[in-house]
Amino acid sequence: MNKGNLFILSGPSGSGKDTILKKALERHPEIKLSISSITRDMRVGEVEGEKYHFISRAEFEEQLARDMFLEHNVFVGNYYGTPRGPVEECLANGGDMIVEIDVNGAKQVKQKMPEAISIFIMPPSFEVLKNRLSNRGTESEELVAKRLNEAIREIKCAYNYDYIVINDKLEEATEDLLSVILCERLHIEKNKKFIDEVLEKC
Ligand code: 5GP
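Parameters and conventions
Residues numbered from 1 in each chain as written. Predicted model: local features only at pLDDT ≥ 70, side-chain atom pairs only at ≥ 80, totals over all residues. Heavy atoms only, no water. Near = heavy atom within 4 Å. Polar contact = N/O pair within 3.5 Å; in protein donor to acceptor, adjacent residues only side chain to side chain. Areas by Shrake-Rupley, 256 points an atom, 1.4 Å probe, with all protein chains shown as cover. Helix = DSSP H or I, 4+ residues; strand = E, 2+ residues; numbered from the N terminus. Phe/Tyr/Trp six-rings, centres within 6.5 Å; stacked < 30°, edge-to-face > 60°. Buried < 20%, exposed > 50% of the residue type's maximum accessible area, 1.4 Å probe, protein only. Pairing = 2+ DSSP bridges. Contact = heavy atoms within 4.5 Å. Axes fitted to C-alpha atoms, helices over the stretch in contact; angles between N-to-C directions.

## A short note on the site of the ligand
- The environment of the ligand is made up of 18 residues, and the closest members are Ser36, Arg40, Tyr52, Tyr80 and Asp102.
- The contact in question runs from an oxygen atom of the ligand to an N or O atom on the backbone of Gly81, over 3.2 Å.
- Within the side chain of Glu100, one N or O atom sits 3.2 Å away from an oxygen atom of the ligand.
- When isolated, the ligand has an accessible area of 510 Å², and the protein chains bury 98% of it.
- Secondary-structure elements contributing two or more residues to the shell around the ligand are β5 (69–75) and β6 (78–83).

## Concerning the packing of aromatic side chains
- Counted by the stated rule, this structure contains 6 aromatic pairs.
- When the centroid spacing of 4.5 Å and the interplanar angle of 5° are considered together, the rings of Phe60 and Tyr79 count as stacked. In this pair, Phe60 sits in helix α2 (residues 57–65) while Tyr79 sits in strand β6, placing the two residues 19 residues apart along the sequence.
- For Phe60, a relative accessible area of 0% translates into the label buried.
- Given a relative accessible area of 12%, Tyr79 falls into the buried group.
- Ring centres 5.1 Å apart and planes at 70° place the aromatic pair Phe120 and Tyr161 in the edge-to-face group. Here Phe120 is found in strand β8 (residues 117–122), whereas its partner Tyr161 is found in the loop between α6 (141–155) and β9 (163–166), with 41 residues between them in sequence. For the pair formed by Phe120 and Tyr161, the shared burial category is buried.
- Three or more aromatic residues link up through ring pairs in this structure, and these residues are Tyr52, Phe54, Phe75 and Tyr80.

## Thoughts on the sheet that holds strand β7 (residues 97–100)
- Here 5 strands make up an open sheet; going across it, the order is β2-β7-β1-β8-β9 and the pairing parallel. Of all strands in the sheet, those bounded by a partner on one side alone are β2 (32–33) and β9.
- Strand direction decides the pairing type here: β8 and β9, joined by 4 bridges, are parallel. Across the sheet, residue Met122 finds its bridge partner in β9, namely Ile166.
- Sheet strands in contact with helix α3 (residues 84–92) are β1 (6–10), β2 and β7, and its direction is about 155° off that of β7.

Below, the structure is given as structure tokens:
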């Protein structure tokens, strides 16, 4: 069996990556999403175990010491980490998995797993990003300003990614993301075993 593909998805908060991802996964439920463990407070509407496991700093540090994270980062004062076990299991079983992580985490994953495919979700303009963040209304002005500064830093890292998806129109952005994923499944490197098997029976 071929190993599955690991897709790294990044983009500044407000780029709309959550919405694109949700739509893409609805259409392709076979693609698994890595559930990050994080220490920030739960926002209104968030559900434990859906996108994140909300754990304490002590728990996070204990798991970190036991090398249970594929990557981790501190973002706006909180820990965010990708549990290693589910990713390794999914890929070993031939499944595709998406890790939605920030640029620091993406760098760590690429170093450990260079075959991972990285995709950066961009807002169509900085103005749009600013409006999306301010209109969210779930955070203080100070936190929004911090997130905007982070966004500039993250966008500067977009050059290092394999693909870029511009989220201007949601449907098109979803289509673009899925195109990358489906295209990577057809890559010759992922299908050599299949060719071997056909030839073996010739
Ligand atoms: P938010 O607090 O808005 O949900 O996420 C803040 C940032 O943390 C986003 O850029 C998101 O992609 C990133 N993030 C979410 N989970 C992880 C993770 O497990 N590791 C890393 N490095 N970043 C993550």
